[in-house]
Amino acid sequence: MINIAIDGPSGAGKSTVAKALAKKLHFVYVDTGAMYRCIGLYVHRCGVDAHDADAVAALLPKITVSLSYAEDGEQHVYLNGEDVSFAIRENVISLITSTISKIPAVRAHLLSLQREMAASHHVIMDGRDIGTVILPGAQLKIFLFASAEARAKRRTKELISRGQEADFETILAEINARDIQDQSRETAPLVPASDAVMMDNSDMTIAQNVDAICMLLAQRGILNV
Ligand code: DC
């Protein structure tokens, strides 16, 4: 199986690029962030304190996460069989997920599922520790990043286009704070794999970014695209 790992900070466009690439290559896209968000949602629904690692770990045997393509052609995420694709995107769930994703038992719970998916399908998997921990043998590892300013600009534009209020300076400060937290956490800190290709997409369009990855696949003889 061909495995492509895409890691990088929040807001670097990993899922957008990974989805577009998966469509082009007819690979399965695995959104590991969505898997962590399912656990975050379950913890929230149970009213358990996300900082209480033992209480969160005790819930894990009751949680089954799965991904599949629905009729609309989009990938949907299921928590114990329930489609939670939209519910996991709420802001409160993002915050809880950021906390529970630091718990080693949570990471261990998802590790085997992520590896099983990569063993049985050609995948493009995005996350934080795919190239370093989950798929150290991936044929191609990309560490995707963009300057904090570029990410804040994209996010501001996205919110405004949805008719929501957005202040560039506030968003930039939030992005900088989250970067520091992600890089300094003890469990699975965000660090590139030593053999990852560092790709700065601050000045790339999505199509240019997909092309750049396809070029690497061809250059390395992994796939002829
Ligand atoms: O990519 P995302 O925003 O959907 O990720 C949600 C949260 O899960 C975020 O706080 C980072 C965490 N995460 C992680 O720790 N490891 C992964 N492989 C993917 C996401």
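Quick summary incoming for the structure in this document.

### Thoughts on unusual backbone geometry
Here's step 1: Not every positive phi belongs to a glycine, and His26 is a case in point at roughly 60°.
Here's step 2: Take His26: it is sitting in the loop between helix 1 (14-25) and strand 2 (28-31).
Here's step 3: Classification of His26 by relative accessible area gives exposed; the value is 72%.
Here's step 4: With a phi close to 45°, Asn80 is a non-glycine residue in the positive phi region.
Here's step 5: Inspection of the secondary structure puts Asn80 in the loop between strand 4 (75-79) and strand 5 (82-83).
Here's step 6: Residue Asn80 is classed as partly exposed on the basis of its relative accessible area of 38%.

### Re the site of the ligand
Here's step 1: Around the ligand sit 13 residues, and of these Thr32, Arg37, Arg107, Arg128 and Arg185 come closest.
Here's step 2: Contacts to the ligand include Arg107, whose side-chain N or O atom sits 2.9 Å from an oxygen atom.
Here's step 3: Contact between the ligand and Arg128: an oxygen atom at 3.1 Å from a side-chain N or O atom of the residue.
Here's step 4: Within the complex, the protein chains bury 88% of what would otherwise be the 450 Å² of accessible surface of the ligand.
Here's step 5: Secondary-structure elements contributing two or more residues to the shell around the ligand are helix 2 (32-46) and helix 4 (91-100).
Here's step 6: Its residues placed into classes, the shell around the ligand shows one nonpolar, six polar and six charged.

### Quick look at the packing of helix 2 against helix 5 (residues 104-120)
In a packed pair of helices, the relevant descriptors are the angle between the two axes and the axis-to-axis distance.
Here's step 1: Contact geometry for helix 2 and helix 5: axes closest at 11 Å, N-to-C directions at 140°. The orientation of helix 2 relative to helix 5 falls into the category oblique. Here helix 2 runs over helix 5; the crossing is right-handed. In this structure, helix 2 contributes Thr32, Met35, Tyr36 and Ile39 to the contact, and helix 5 contributes Val106, Arg107, His109, Leu110, Leu113, Gln114 and Met117.
Here's step 2: Looking at the contact of helix 2 with helix 5, its residues break down into seven nonpolar, three polar and one charged.

### A word on the side chain of Gln114
Here's step 1: As for its position among the elements, Gln114 is in helix 5.
Here's step 2: When residues no more than four places from it in sequence are discounted, the contact partners of Gln114 are Thr32, Met35, Tyr36, Met125 and Ile134.

### Quick look at the sheet that holds strand 1 (residues 3-7)
Here's step 1: Sheet architecture is open: five strands sit in the order 2-6-1-7-8, paired in parallel fashion. The open sheet has two edge strands, strand 2 and strand 8 (197-200), and neither has a second partner. This sheet shows a mean twist of 20° between the axes of neighbouring strands, independent of strand direction.
Here's step 2: Relative to strand 6 (residues 123-127), strand 1 runs parallel, the two sharing five bridges. Of the residues in strand 6, the one forming a bridge with Asp7 is Gly127.
Here's step 3: Across the face of the sheet, helix 2 comes into contact with strand 2 and strand 6 while running at roughly 40° to strand 2.

### Structural notes on the sheet that holds strand 3 (residues 65-69)
Here's step 1: An order of 3-4-5 is seen for the three strands of this open sheet, with the pairing classed as antiparallel. The outermost strands of the open sheet, each flanked by one partner alone, are strand 3 and strand 5.

### Topic: the nonpolar core
Here's step 1: Formed by 35 residues in total, the largest nonpolar core has its most connected members in Ile39, Val43, Ile63, Ile100, Val106, Met125 and Leu135.
Here's step 2: Elements represented by at least two residues in this core include exactly helix 2, helix 3 (53-59), strand 3, strand 4, helix 4, helix 5, strand 6 and helix 6 (130-134).
Here's step 3: The dominant element in this core, judged by the number of residues it contributes, is helix 2, at eight residues.
Here's step 4: Excluding its chain neighbours within four sequence positions, the residues that come into contact with Val43 are Val48, Ala50, Val56, Leu59, Ile96 and Ile100.
Here's step 5: One finds Ile6, Ile124, Leu144 and Leu217 within the second-largest nonpolar core, a separate group that totals 23 residues.

What counts and what doesn't
- Residues numbered from 1 in each chain as written.
- Predicted model: local features only at pLDDT ≥ 70, side-chain atom pairs only at ≥ 80, totals over all residues.
- Heavy atoms only, no water.
- Helix = DSSP H or I, 4+ residues; strand = E, 2+ residues; numbered from the N terminus.
- Buried < 20%, exposed > 50% of the residue type's maximum accessible area, 1.4 Å probe, protein only.
- Near = heavy atom within 4 Å.
- Polar contact = N/O pair within 3.5 Å; in protein donor to acceptor, adjacent residues only side chain to side chain.
- Areas by Shrake-Rupley, 256 points an atom, 1.4 Å probe, with all protein chains shown as cover.
- Nonpolar A, V, L, I, M, F, W, Y, C, P; charged D, E, K, R; others polar.
- Axes fitted to C-alpha atoms, helices over the stretch in contact; angles between N-to-C directions.
- Parallel < 35°, antiparallel > 145°, perpendicular 65-115°, else oblique.
- Left-handed = near helix turned anticlockwise from the far one by under 90°.
- Contact = heavy atoms within 4.5 Å.
- Pairing = 2+ DSSP bridges.
- Core = buried A, V, L, I, M, F, W, Y, C linked by side-chain atoms within 4.5 Å.

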